[in-house]
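Inside the fold
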Amino acid sequence: MEVINTNISKKRHAERLDNNRYLKSKADKYELNDFALVRATDFLPHDGNLMPLCSVPFVTHTNNVASSVVLKLLQEKYDLDPFNEEDYKKLKEMADKYSPLSSQYRSTIHFTLNGLVSNHSKGEFDNRNFIIIDRLANHLGKEDFRSLRMEDTFVNGPFKLSNDAVILVNKDKYDELLQDNPWLNNYNVVLFTGDEKAATEEVLLDLGITPEDIKEHGAEYSNRTPLHKEALASLAKTYNCELEKHFYSKEYRDDDEKNLRVWEIFNRAFYNELCTTFKLEPRDEIVNFLSSYSVNRQKQEQKLKELIMQIGLVEYSDFVLNYNKKITDMISARTFPTNDQLLLDGALNISSNLSKEKTYQ
């Protein structure tokens, strides 16, 4: 099995990358074979069929009332300045740790083109379990592509990986991931040590693809940018898809409506558990007030802050850690519902006996 060590070949990698980009900048045009799909993900299917997040158990930290309140409380407790970059980083790490997990409804599958997605205002994407790299030519015209963009090419799922797909995995994680995903060795796996972006670029170079630095709104501008735009416009016309950002798509609008329902289900589960644990009354009134999106957010934050002060910040933080562990344990046991299942059920129960009652995977 191939291993890419980016720690011992930084100079060689930089020279190889610069030379490739220089040569490609002299090209007259880009064609379909000049593009590769790249996806960083924690989920690798056993059968090669990638599924959208709404069809797999998926949790994340969102900017909900609970996360906002705990961030402000931690800011006061540790006297951290949110406008100081170092302070904000510490504050955000603590706030995420002590904020309840929620989710994000998404019916589309997203890729970047010719580079690894970078962290930005919409999310953090580094240190995922798997980096999938597959030629665009293997899929365009076969899957339901909705938009072609360097920073965000998306498909109305599902999506079948080709036999040429490369699965890039951190060497230190490989043994553990193989235990959880015994089908991993059915794929073309390449291991890496060191920097995942550099490792991704090495795989792309081996495929004859010119790597790009992917930012929030596209590839970092270079003298290759006009070549990207011209080629993608031509491909979009040929294969009847768009060039628009996901934010402006019908899929985004439809998903956004479902997001509100999913977030409310997660909120209700959290506040129900909070009221049960600390015997907060009147229970239904508290849960309804804090879960609803029709209530003024500032009033919700003030109410939750009062409850946390009543409970105690340390006790509340311990509760959140335990609550989040229940969720991650359920995901590991394959008893946690997908967002599509949640919308059908209409409720989420984070109780210790849920795994005995219902299996989702």
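Things to note about the nonpolar core
Core analysis: the biggest nonpolar cluster contains 43 residues, and Phe270, Tyr271, Leu274, Leu304, Tyr316, Phe336 and Leu348 have the highest contact counts within it. Of all elements in the fold, only helix H2 (65-78), helix H3 (85-97), helix H7 (250-278), helix H8 (283-291), helix H9 (297-311), helix H10 (313-332) and helix H11 (339-345) reach the threshold of two or more residues within this core. Residue contacts for Phe270: discarding those within four places in its chain leaves Ala66, Pro100, Tyr316, Phe319, Val320 and Tyr323. Listed in part, the 37 residues of the second largest apolar core include Phe35, Ile109, Val155 and Val189.

Points about the pattern of salt bridges
Two side chains carrying opposite charge are able to pair once their charged atoms lie near each other. Tallied over the full model, the rule gives 20 salt bridges. For Glu76, the salt bridge is made with Lys305, and the minimal N-O distance between the two is 3.8 Å. Taken together, the positions of Glu76 in helix H2 and Lys305 in helix H9 put the pair 229 residues apart, joining distant regions of the chain. Taking relative accessible area as the criterion, Glu76 reaches 52% and is therefore assigned exposed. Classification of Lys305 by relative accessible area gives partly exposed; the value is 30%. Close ionic contact of Glu151 with Arg149 constitutes a salt bridge, the shortest N to O distance being 2.7 Å. Here the two residues Glu151 and Arg149 agree in accessibility, since each one is buried.

As for the side chain of His13
By the element assignment, His13 lies in helix H1 (residues 10-25). Taking relative accessible area as the criterion, His13 reaches 11% and is therefore assigned buried. The residues contacting His13, other than those within four sequence positions of it, are Ala198, Glu201 and Glu202.

Let's talk about the sheet that holds strand S7 (residues 153-156)
Note: strands within a sheet are paired through backbone hydrogen bonds, in either parallel or antiparallel orientation. Strand order in the open sheet made by the eight strands is S1-S10-S9-S5-S2-S4-S7-S6, with mixed pairing throughout. Taken across any chain shown, the strands that pair with only one partner, and hence form the sheet edges, are strand S1 (3-5) and strand S6 (145-147). The sheet shows a mean angle of 30° between the axes of neighbouring strands, taken without regard to direction. Pairing analysis gives two bridges linking strand S2 (residues 36-41) to strand S4 (residues 108-113), with the strands arranged antiparallel. Bridge pairing in S4 links Leu37 to Leu113.

Quick word on H3
Taking 1.5 Å of rise per residue, the 13 residues of H3 would be expected to cover 18 Å, and the 18 Å separating its terminal C-alpha atoms lies within 8% of that figure. Among all positions of H3, only Asp87, Leu91 and Ala95 are buried. The buried residues of H3 occupy an angular sector of 60° when projected down its axis, which confines them to one face. Opposite the buried face of H3, at more than 90 degrees from it, the exposed residues are Glu85, Lys89 and Glu93. Summarising the contacts, the buried residues of H3 are in contact with H2.

Cut-offs used in this document
Residues numbered from 1 in each chain as written. Predicted model: local features only at pLDDT ≥ 70, side-chain atom pairs only at ≥ 80, totals over all residues. Heavy atoms only, no water. Core = buried A, V, L, I, M, F, W, Y, C linked by side-chain atoms within 4.5 Å. Buried < 20%, exposed > 50% of the residue type's maximum accessible area, 1.4 Å probe, protein only. Helix = DSSP H or I, 4+ residues; strand = E, 2+ residues; numbered from the N terminus. Contact = heavy atoms within 4.5 Å. Salt bridge = Lys/Arg side-chain N within 4 Å of Asp/Glu carboxyl O. Pairing = 2+ DSSP bridges. Axes fitted to C-alpha atoms, helices over the stretch in contact; angles between N-to-C directions. Expected span 1.5 Å × (residues − 1). Arc of directions from axis to C-beta.

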